[in-house]
Amino acid sequence: MACLILAGGDASRLGLNMPKGMFDPHIHGLHSIFELITLKIKIMNEICEKAFPDLPDLGRDRVVLVIMTNLENFKRITEFFKENKNFGYNTIIFFPQNHLPVTSEKGEILFKSKGKILFAPNGNGSIFQSKNGVKMFAKLQELGVEHVQITGVDNILCKWAEPDMVGCAKSSNKDVTCKYSAKKHALERVGVFALADGVPSIIEYSVIGDELAQSKTASGELQFNHSNLLNFLFKLQFLQETVLSKEGVKIFFERYNVAVKDVKNYCPVKNEELVTKAIKYEVFINECLGLCTADHFSLIEVNRDQEFAPIKNSLTQEFDNPHTALDLYTRYHQHLLTQAGYKFSEEASHEKGCFIHPNLSYDGEGIPKAQEGKIYELPFYLDSTDEQKTN
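Below is a short write-up of the structure.

1. Side note on helix 6 (residues 236-243)
Here helix 6 has its buried residues at L236, F238, L239, Q240 and V243. Where helix 6 is buried, its residues touch helix 3 (131-142), strand 9 (147-152), strand 10 (176-181), strand 13 (227-235) and helix 7 (246-254).

2. With respect to the packing of helix 3 against helix 6
At a closest axis distance of 10 Å, the pairing of helix 3 and helix 6 adopts a crossing angle of 135°. The orientation of helix 3 with respect to helix 6, classified from their angle, is oblique. Our pair here, helix 3 against helix 6, has a crossing hand that is left-handed. Residues F137, A138, L140 and Q141 of helix 3 pack against L236, L239 and Q240 of helix 6. Residues belonging to the contact of helix 3 with helix 6 are distributed by class as follows: five nonpolar, two polar and no charged.

3. Details of helix 5 (residues 205-213)
Taken together, the buried positions of helix 5 are Y205, I208 and A213. Axial view of helix 5: buried residues confined to an arc of 75°, hence all on one face. Facing away from the buried surface of helix 5 by more than 90 degrees, the exposed residues are S206, V207 and E211.

4. Comments concerning the packing of aromatic side chains
With the rule as written, the count across this model stands at 17 aromatic pairs. Arranged with centres 6.4 Å apart and planes meeting at 85°, the rings of F80 and F81 form a pair that is edge-to-face. Geometrically, the ring pair formed by F128 and F137 is stacked, given 5.7 Å between the ring centres and 10° between the ring planes. With respect to class, F128 is no different from F137; both count as buried. Within the aromatic cluster, the residues linked to one another by ring pairs are F34, F80, F81, F87 and F94. One Lys or Arg, K40, reaches over the ring of Y362 and ends 4.8 Å from the middle of that ring.

Cut-offs applied
- Residues numbered from 1 in each chain as written.
- Predicted model: local features only at pLDDT ≥ 70, side-chain atom pairs only at ≥ 80, totals over all residues.
- Heavy atoms only, no water.
- Buried < 20%, exposed > 50% of the residue type's maximum accessible area, 1.4 Å probe, protein only.
- Helix = DSSP H or I, 4+ residues; strand = E, 2+ residues; numbered from the N terminus.
- Contact = heavy atoms within 4.5 Å.
- Axes fitted to C-alpha atoms, helices over the stretch in contact; angles between N-to-C directions.
- Parallel < 35°, antiparallel > 145°, perpendicular 65-115°, else oblique.
- Left-handed = near helix turned anticlockwise from the far one by under 90°.
- Nonpolar A, V, L, I, M, F, W, Y, C, P; charged D, E, K, R; others polar.
- Arc of directions from axis to C-beta.
- Phe/Tyr/Trp six-rings, centres within 6.5 Å; stacked < 30°, edge-to-face > 60°.
- Lys NZ or Arg CZ within 6 Å of the ring centre and 35° of its normal.

Right, dumping it as structure tokens:
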């Protein structure tokens with residue numbers, strides 16, 4: 001299989017001038033989100049090789065890591081991986097997404113500098129309409145890949161190449177399998193999975209509105225309660241034969257979303273840089289769900305606190321910031337250790353963490369036995385040498 005990471009975004013909302021995947025999430029022993037993702041995929045590859053030693057040698061790692069960049073950060077990301085020797089992983093593919101010109105609210109083309117048009121990435125759905133994306137999928141087919149998991153780069157609790165998800169998709173022969181969680185409350189501003197005229201779709205909160213968002217079924221449950229976690233698993237055959245077909249690709253040229261944002265641009269009339277309202281044109285991956293029939297589409301419900309810890313905002317925002325994400329990450333690791341027999345004096349947090357190094361365990365397997373009767377203090381971590389450490 002392959003894991004495609006949507007890493008075209010930057011860390012500007014975190015107040016940093018870098019690709020978001022290079023952000024340091026302050027996980028003990030790691031220095032970037034890219035390192036976390038790569039090591040999690042690496043250990044799953046090792047688990048597969050140990051579990052099935054008689055399988056033929058593919059001449060590559062069993063899980064192909066694919067990194068989607070944008071045109072501006074492509075060089076920086078590829079050099080970052082090169083400087084870190086790909087974090088010890090061999091089979092990695094990099095490719096940039098498409099860009100489109102940015103316009104004013106009146107539709108006028110904006111400039112980045114004198115004589116240079118301002119471009120911006122045109123959404124993660126561009127992987128299905130760009131030459132780079134088409135070539136990447138063709139390469140995966142050449143490598144013998146059967147399923148492609150597509151996720152965002154900023155969810156540090158994502159389970160990349162998870163056997164349960166892949167096994168569910170393969171055993172049920174579904175074209176598309178997605179993870180979801182119940183909403184935190186009826187009015188949570190998230191997109192939800194639903195059938196629109198019998199077709200799988202993701203409906204944004206702004207479309208549903210408050211009244212429908214609070215509507216309930218006859219059993220008293222929320223009618224729209226399947227929140228999108230941006231974790232899709234596609235059968236590669238479906239992508240190649242349906243999504244990338246002539247008719248399939250058309251939807252990605254017809255369904256652009258308009259995002260109005262404050263953008264720095266050069267004004268040739270005033271010969272100076274301005275910050276003005278501008279329009280970015282984006283198309284999203286979820287548009288392709290409508291090409292899948294309901295009987296070939298499946299959802300897997302997960303515990304959000306154990307699989308969704310996004311880093312989107314700076315610490316000035318209450319939710320989805322580095323501290324809230326690290327709280328969830330470290331508490332889940334404490335949960336895994338507790339299941340393995342460890343006992344702790346207090347609950348873990350971003351201030352007093354609890355970490356299992358991804359070189360040691362993918363999801364709680366292989367944890368060394370706890371000392372009988374011992375109460376462990378925080379911060380606490382297990383590293384790849386199986387040593388139990390407390391600071």
